[in-house]
Amino acid sequence: MTLVDFLSPPRPGAATLLDSAVWPAGATYDAGGRIVLAGVALTEIADNYGTALRVVDEREVRQRCRVYRKTFAEAEIGYAATALLVRGIANWVTAEGLSVVAGTAADLTAAFAAGVDPKRIILHANRTPRATLETAVARRVGRIVVGSLDEIGVLASIATRPQRVLLRVAPGIGRDGYPTWDDADAPGFALGDIATAVARVLGTPTLELIGFHCHLGSQIYNPDHYGEAIRRLVAEMAQVRRDHERLLTDLDLGGGHAIAYRNGDAEMNLTELAAIIEDALDAACARQHFPRPNIALEPGRGIVARAGVTLYRVLSVKHNDGGRISVVIDSEERGGNSAYAGTVVANRRPSGPLSSATVAGRAGDVILAADVRLPADLRPGEILAVPCTGAYHRGPAMSVIGVRGGRCTELLRREPHLLDRDAS
């Protein structure tokens, strides 16, 4: 069962216009034909806060947190903050029992600002400045993930008291639709290099090695990959016990769970993933005579992507030969995004013919999407809504607005040429 099955049952009368596979469960049309999310018309949000902006449905985020916790009842669920983290979202996910996985200095700052218990923070040291690591160690974050000998060395030079660490391991498993990471470019330690890293950490009195971490990639829809990772990593954990008489207790399987950006896209079936994790743990631990480790998962996209809708205002519309239209919106983005395939008009329910549209940003020279189906009579000033954009989808001048129960909260105010200001 996927998250759509849990949270997005078909809505009678709206399925052809608001696709339940990509829109938040609370999205619908009002009597005037406007799209409404959590009781608030998207056009009102656009008028009040300006575009471009992202709207995030609090209830959807919380429900997805609950699905993960219910499906993986024995595992720790850590929200991958790189998907989207501002103070308000940190409050939502931690209130639902999730930990926070920080990947940048900004992530860590937002987590601390939200009052997240440092023990519930996992920090990835990859590309993390020394000053950020110093802050993390001083604030006693729960775990730091290290994936190179250099990272181990830097952390060892900082820590003055025991700091719990996980070694990031690249188990050499190919990703769905991507080349294998079974090579020297894989983030983390290759299987053949684990022994050196383990010895280095165990030889450092201020670093406490508690287990392994792996990240298999992004948009993974085949749960068997995680089962194979468990088999390989439990074998390595058992080898550490044999070589060093040290029992590693934690295995973090990372995130990367695929979601659908359009109806029909392959996505991760969480129920199947949970079953495969259980079976793989049972088999691997029995084979290695190894006690069952504590399991952690790090979903980000799977928690917040479908909860987010991005709003743009149409700046110009050009009608071309063959019935095609060229649309310019107030976006500052510099690259395309597959999520634009689901773009719809937010201020009215289309009733006439649709045209194939090319969508470009404000500069006009960067194509954001091609062959989007939009009303043939689209006009400047109308609002376009792009669903399933809660994760990894924010332009340089975009605010984030939280909605719940008919009310809006400005979670992040983003102003051109000014530093970000967290408004929650």
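Heads up: the structure comes first, above all this text.
The text that follows walks through the structure, step by step, so that each part is easy to find. Everything numeric in this text was worked out from a predicted model, so none of it was measured.

A short note on the environment of alanine 284
Piece 1. Along the polypeptide, alanine 284 turns up in helix α10 (residues 270-288).
Piece 2. Distance in space between the C-alpha atoms of alanine 284 and alanine 238 is 9.9 Å, their sequence separation being 46 residues.
Piece 3. Residues contacting alanine 284, with those up to four places away along its chain left out, are Ile230, Arg231 and Val234.

Considering the nonpolar core
Piece 1. The biggest cluster of nonpolar side chains holds 131 residues, and the ones touching the most others in it are Trp23, Leu42, Tyr79, Ile144, Leu167 and Phe212.
Piece 2. Ile122, Val145, Leu166 and Ile210 belong to the second-largest nonpolar core, a separate cluster that totals five residues.

Overview of the pattern of salt bridges
Piece 1. This structure, assessed with the given rule, holds 21 salt bridges.
Piece 2. We note a salt bridge from arginine 348 to glutamate 382, for which the minimum N-O separation is 2.5 Å. Highlighted residues: arginine 348 in the loop between β16 (344-345) and β17 (354-360) and glutamate 382 in the loop between β18 (367-375) and β19 (383-387), separated in sequence by 34 residues.
Piece 3. The exposure class of arginine 348 is buried, given its relative accessible area of 17%.
Piece 4. Judged by its relative accessible area of 4%, glutamate 382 is buried.
Piece 5. The structure contains a network of salt bridges with shared partners spanning Glu58, Arg62, Arg66, Glu96 and Arg404.

Here we look at helix α3 (residues 58-71)
Piece 1. Spanning 14 residues, α3 covers 20 Å between terminal C-alpha atoms, matching the ideal 20 Å at 1.5 Å per step.
Piece 2. If you check which residues of α3 are buried, you get Glu58, Glu60, Val61, Arg62, Arg64, Cys65, Val67, Tyr68 and Thr71.
Piece 3. Sitting at the amino-terminal end of α3 is aspartate 57, which places a side-chain oxygen 3.0 Å from the backbone nitrogen of arginine 59.

Section: empty space enclosed by the protein
Piece 1. Counted by the stated rule, this structure contains three cavities of 30 Å³ or more.
Piece 2. Around the second largest cavity, the lining residues are Glu76, Arg143, Leu166, Asp250, Leu251, Asp252, Asn294, Ile295 and Ala296.
Piece 3. Listed by contribution, the elements that provide at least two residues to the lining of the second largest cavity are β12 (250-252) and β13 (294-297).
Piece 4. Its residues assigned to classes, the lining of the second largest cavity shows four nonpolar, one polar and four charged.

What to know about the layout of surface pockets
Piece 1. Computed from the structure, the largest pocket encloses a volume of approximately 570 Å³.
Piece 2. Around the largest pocket, the lining comprises 28 residues; the ones closest to its centre are Thr82, His124, Arg168, His215 and Tyr392.
Piece 3. For the lining of the largest pocket, the secondary structure elements donating two or more residues are β6 (99-102) and α11 (301-304).

Some words on the pairing of strand β20 (residues 399-404)
Piece 1. Of all six residues making up β20, five are buried, and the element is well covered by its neighbours.
Piece 2. In this antiparallel pair of consecutive strands, β20 and strand β21 (residues 407-412), the connection spans two residues, and glycine 405 shows a positive phi of 55°.

Calculation rules
- Residues numbered from 1 in each chain as written.
- Predicted model: local features only at pLDDT ≥ 70, side-chain atom pairs only at ≥ 80, totals over all residues.
- Heavy atoms only, no water.
- Helix = DSSP H or I, 4+ residues; strand = E, 2+ residues; numbered from the N terminus.
- Contact = heavy atoms within 4.5 Å.
- Core = buried A, V, L, I, M, F, W, Y, C linked by side-chain atoms within 4.5 Å.
- Buried < 20%, exposed > 50% of the residue type's maximum accessible area, 1.4 Å probe, protein only.
- Salt bridge = Lys/Arg side-chain N within 4 Å of Asp/Glu carboxyl O.
- Expected span 1.5 Å × (residues − 1).
- Polar contact = N/O pair within 3.5 Å; in protein donor to acceptor, adjacent residues only side chain to side chain.
- 1 Å grid on protein atoms, 1.4 Å probe; cavity = no way out; pocket = protein on both sides within 12 Å on 5 of 7 lines; lining within 4 Å.
- Points joined across faces, edges and corners; volume = space filled by probe spheres on them.
- Nonpolar A, V, L, I, M, F, W, Y, C, P; charged D, E, K, R; others polar.
- Pairing = 2+ DSSP bridges.

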